[in-house]
Every structure is written in structure tokens, then in C-alpha cells.
Amino acid sequence: MSTSVTMDKIVSLTKRRGFIYPTSEIYGGLANAYDYGPLGIELLRNIRNLWWKRFIQDRRDMMGIDSQIILHPRTWEASGHVGSFSDAVVEDVKSHKRYRADHLIESWIVGKKEFESMVVENMDVEAMGDFITEHKIKSPEGNNVTAPKKFNLLMETHLGTLEGQKDMVYLRGETAQGIFSNFKNILDTTRIKIPFGVGQIGKSFRNEITLGQYIFRTFEFEQAEIEYFFHPKQQKWEDLMKSWKDAMWSFVTKDLGVSEENVRWRKHTDTERSHYSKDTYDLDYKFPFGWKELWGIAYRTDYDLKQHMEFSGQDLRYTDPHTQEKYIPHVIEPAIGLNRALFMVLSDSYVEEDNRVVLKLAPQLAPYSAAIFPLVANKTEIIAKAEAVFDLLKERFPVYWDDRGNIGKRYRYQDEIGTPYCITVDYDSLTDHTVTIRNRDTMEQERVQIDSLQTYLQDHLFSQRLMSS
Ligand code: ATP
């Protein structure tokens with residue numbers, strides 16, 4: 001991450017260049033909700049596809065599913081979300097605005113030496129209430145706040161057409177439960193053997209209290225989750241945890257090209273850990289507003305399958321094909337939010353240098369691999385030649401066409417959206433069949449034969465990919 005990157009700069013660039021828009025802007029927007037524009041959707045798709053390739057397609061022990069957003073409501077009773085998926089919330093007594101108690105305490109202790117070593121995550125609701133009273137902590141508006149209360153994060157909605165006949169259901173709070181509820185189907189319909197994992201990418205919903213951190217925390221977001229099933233006596237969970245942690249680290253630093261110094265592991269404390277987990281780590285990234293969780297990994301034991309067996313009355317045990325032993329597998333769960341991954345990639349690649357803003361995206365993530373510029377827009381032969389270059393490259397690379405304004409302006413635009421190469425077709429191209437290729441990072445230019453453009457791009461994009469690893 002460049003030292004100059006701030007939240008304001010990222011927000012401004014992403015709006016200006018069509019990565020991210022506030023949702024429903026023509027109606028004045030909707031708090032903490034964002035749409036992905038023409039550039040953002042390409043970047044998000046590239047991150048999503050790379051995750052799917054690495055963790056599902058490249059591995060023999062993994063497969064994917066796509067379950068519903070609205071599952072049977074008993075799912076969430078079984079999983080424990082109805083009972084304990086909650087945050088401690090306080091209310092400003094005057095404005096009636098709600099705040100997360102832990103976040104209020106965290107901001108209050110900033111800069112106070114005597115509380116430096118305090119870990120707010122270790123406090124339960126009562127301890128937070130006592131602390132707020134003892135230190136007379138106020139809301140950000142300067143008013144008193146109520147005692148903290150638990151607030152459930154699950155979003156409710158209703159199914160059915162007639163008033164009074166509607167059934168209350170939940171929008172899923174995580175994608176994981178759709179994996180557990182399909183566990184038996186997967187065993188019955190595939191030839192996979194333990195150990196194996198199932199991955200899913202999709203929207204999740206949470207009634208979050210603390211928002212206002214752009215796309216870092218929103219009501220609606222996209223998760224990519226894996227449940228990795230194993231026999232707890234045949235494999236040590238510590239070893240599996242280690243190999244998944246290594247795979248996550250490698251995805252972030254190599255595939256997504258993020259600088260190692262901006263990523264770190266953090267182990268959850270006993271009080272902080274979720275109700276189901278025996279051990280949890282967060283892979284944190286240094287976002288423009290500080291170190292925050294990007295990706296969590298938890299050892300969920302056999303908690304979920306056991307709960308679903310109890311609540312559904314179905315036998316969800318696995319039968320070992322060799323020994324015929326029947327048992328409930330344990331799971332390791334790596335769970336990432338793809339919108340946070342996108343935010344991280346933007347922050348990490350944002351650079352200001354030589355009077356320009358550049359997104360030094362890893363080439364495999366860039367919305368476009370190359371941009372094609374006809375030098376002038378009113379010369380038919382140049383346009384035709386540039387179109388031929390576009391057609392040649394579009395078969396293998398995502399390419400952008402721009403014939404507006406001067407070349408300098410076109411370069412600036414492509415720098416800001418992270419396009420690794422710009423290709424200009426000029427008068428000489430008509431006779432010698434060469435073009436100018438300009439490198440985003442070095443700004444160096446060279447002449448290349450149109451015939452060898454595909455190979456040039458393939459080699460250079462590939463070598464940059466290797467360099468970023
Ligand atoms: P946090 O502590 O930040 O609330 P969490 O520990 O509740 O996150 P998990 O339940 O572990 O999050 O979800 C897995 C991943 O989903 C997180 O690591 C994060 O990347 C993403 N995520 C969770 N909540 C949100 C949200 N409201 N908006 C965007 N991404 C989210």
C-alpha cells in the first residue's frame with residue numbers, strides 16, 4: 001500500500017472511474033449500500049473467479065455448490081444463530097442512534113496509556129456495561145447511552161402472498177449453513193471421500209450496527225466460504241489449520257498480489273471466539289483505517305452437523321468406505337468477504353507518483369489487460385487498423401477501446417483503472433504494421449509488430465504475474 005492512500009482517495013477514485021457507486025443515488029442513496037459499476041464488477045468477478053479456481057477447480061479434494069439465500073428457518077435455530085448471533089448494542093438516549101458497545105469502548109481507549117493493553121474482545125456484555133458506566137463513556141454525539149443489550153444480526157423477511165399467512169424466514173447470515181444442509185446430498189451423489197471440502201460463493205446479510213466504513217462492512221455482502229470435512233482421529237486439526245492458513249496467505253500475497261507487510265495473522269481470544277469454534281484466526285489487512293479482519297479461519301469441530309442431525313432428525317454421519325465406521329466429521333472453515341478483498345486490493349495497489357494516480361493491480365486482476373487507442377479518430381485507415389488489433393486481442397484478453405481526446409489523457413485514465421498495457425495505432429502502423437506499447441508501471445514505450453502482439457501480452461502479463469509472487 002502506498003503511504004498516501006486514504007479512505008477518501010479510494011472512495012473518490014472508485015466513484016470517479018466507475019468501480020463503486022452509492023446505491024440508489026438518484027433517490028438520495030441508501031445508507032451503507034453500494035453498487036458495482038462497469039470497472040468494479042470486472043474486478044470483483046476476477047477476484048471471485050480466481051478464488052473459485054484456486055480453491056475449487058485446482059484441487060482434487062474440493063467441490064462447489066450454490067444453495068438458496070433463504071433456507072428453512074430451522075437451519076438458523078440449529079446453527080445457533082437465532083440464539084447467539086448477536087452484538088452488544090447501546091443506544092444514544094437523545095438521538096436514539098445505536099452503536100456497538102465494543103466499538104464505542106475501543107474508540108474511547110485510543111490514546112489512553114493505562115488502557116493500552118486492554119482487549120475489548122475479552123469483555124462480555126456485563127463487563128462492557130460496567131466499563132461504560134464507570135468511565136461515563138458517551139455516544140459520538142456526546143450524549144449518555146443505555147446499558148448494552150444483545151442485538152441479533154439475522155435479517156428477517158416474510159414468504160407468502162396473503163396478509164396474515166406469511167411465514168417469517170431469514171436471509172442467510174452466512175453461506176456455510178447451505179453447505180451443511182447439503183452434506184448428505186453431496187455424499188449420496190458424488191464419489192468424494194473424507195477428507196474433502198465444499199465451497200460456496202454468494203450473498204449474505206447481516207443487520208450490522210456499526211457501518212460507515214465504505215464496502216468494508218455492509219448489510220449485504222458476498223462471501224466465499226469453505227467447509228473442510230475430516231476425521232478427527234485420522235488427521236490432526238492443527239495440521240489442517242496450518243495448511244489452510246498457508247493456502248489463504250498464498251492467495252492473498254501471490255494471487256491477489258498484496259504486499260506481505262500489510263497482512264498479518266491474529267489469534268482469537270477465548271471470549272471473542274464464536275459459540276461453535278475451538279480455535280479461530282483472522283487474517284488481518286492494514287486497511288486505510290487500520291488493521292482489520294479480511295478472512296477468518298475457524299475449527300468448528302462437529303458442532304454444525306451434530307446440530308443439524310438433532311434438529312432435522314436425519315442421519316448425517318459419514319460411513320468410511322474401507323472400515324465401515326460411521327462418524328460425524330469435523331470441519332475447518334476458511335471464510336472471506338469478497339467485497340473486503342476488493343477493498344484490500346484497491347488500497348494495496350493505489351499509488352500516487354509523477355503527478356499521476358496509478359492502480360498497480362496484479363495483471364490477472366485488472367479489469368482490462370490492454371487498451372487500444374487509434375491515434376486520431378478521424379482517419380479511416382487508422383481506425384480500421386486499430387479495430388483489427390482490437391479483434392485480434394479480444395479473443396484472448398479483455399481489451400478496452402478508447403478514441404477520445406489526446407493520448408496523454410487516455411493514458412491517465414487507463415493508469416487510474418489499472419490497465420497494464422496501452423497500445424497506440426498511429427500513421428507508421430499503416431506501413432510498418434507495428435504499434436506502440438506502453439507499460440503502466442514503468443511508463444516505458446516500445447514498438448511491437450502487430451503479428452506478435454498476442455505473444456507479447458501473454459509473455460509480459462505472465463512474467464508480471466510471476467514477479468508479483
Ligand atoms: P467482523 O468481525 O468484521 O464483523 P465476522 O468475524 O463477523 O466479521 P465472519 O462471520 O467470520 O465475519 O465472516 C467471514 C467473512 O465475511 C469476514 O472475514 C469478512 O471478510 C466478511 N464479512 C463479514 N461481515 C461482513 C459485512 N457486514 N460486510 C462485508 N463483509 C463482511
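Thresholds applied
Residues numbered from 1 in each chain as written. Predicted model: local features only at pLDDT ≥ 70, side-chain atom pairs only at ≥ 80, totals over all residues. Heavy atoms only, no water. Pairing = 2+ DSSP bridges. Helix = DSSP H or I, 4+ residues; strand = E, 2+ residues; numbered from the N terminus. Buried < 20%, exposed > 50% of the residue type's maximum accessible area, 1.4 Å probe, protein only. Phe/Tyr/Trp six-rings, centres within 6.5 Å; stacked < 30°, edge-to-face > 60°. Patch = residues over 30% accessible without salt bridge, like charges linked within 9 Å, V, L, I, M, F, W, Y side chains within 5 Å. Areas by Shrake-Rupley, 256 points an atom, 1.4 Å probe, with all protein chains shown as cover. Salt bridge = Lys/Arg side-chain N within 4 Å of Asp/Glu carboxyl O. Lys, Arg positive; Asp, Glu negative; His and termini not counted. Charge placed at Lys NZ, Arg CZ, Asp CG, Glu CD.

### Notes on the pairing of strand β17 (residues 350-353)
With four bridges joining them, β17 and strand β18 (residues 356-359) adopt antiparallel strand pairing. From the neighbouring strand, E353 faces β18, where its bridge partner is R356. The turn linking β17 back onto β18 is made up of two residues, and D354 within it adopts a positive phi angle of 45°.

### Comments concerning helix α10 (residues 303-312)
Buried within α10 we find Y303, D304, L305, Q307 and H308. Looking one or two residues past α10, G313 carries a phi angle of roughly 75°, positive in sign.

### Focus on the packing of aromatic side chains
Applying the stated criterion across every chain, the model contains 31 aromatic pairs. Their ring planes at 85° and their centres at 5.9 Å tell us that F55 and W295 sit as a pair that is edge-to-face. One end of the pair, F55, is in helix α2 (residues 38-57); the other, W295, is in strand β13 (residues 290-301), and 240 residues separate them in sequence. One exposure class covers both F55 and W295, and it is buried. Centroid distance F287 to F343: 5.3 Å. Interplanar angle 50°. Geometry classified as tilted. Here F287 is found in strand β12 (residues 279-287), whereas its partner F343 is found in helix α11 (residues 338-349), with 56 residues between them in sequence. Here the aromatic residues Y34, Y214, F216, Y285, F287, F289 and F343 are joined through ring pairs into a cluster of three or more.

### Digging into a negative patch on the surface
A cluster of like negative charges, contributed by D124, E126, D130 and E134, occupies part of the molecular surface. The topology assignment puts E126 in helix α6 (residues 125-134). Residue E126 is classed as exposed on the basis of its relative accessible area of 55%.

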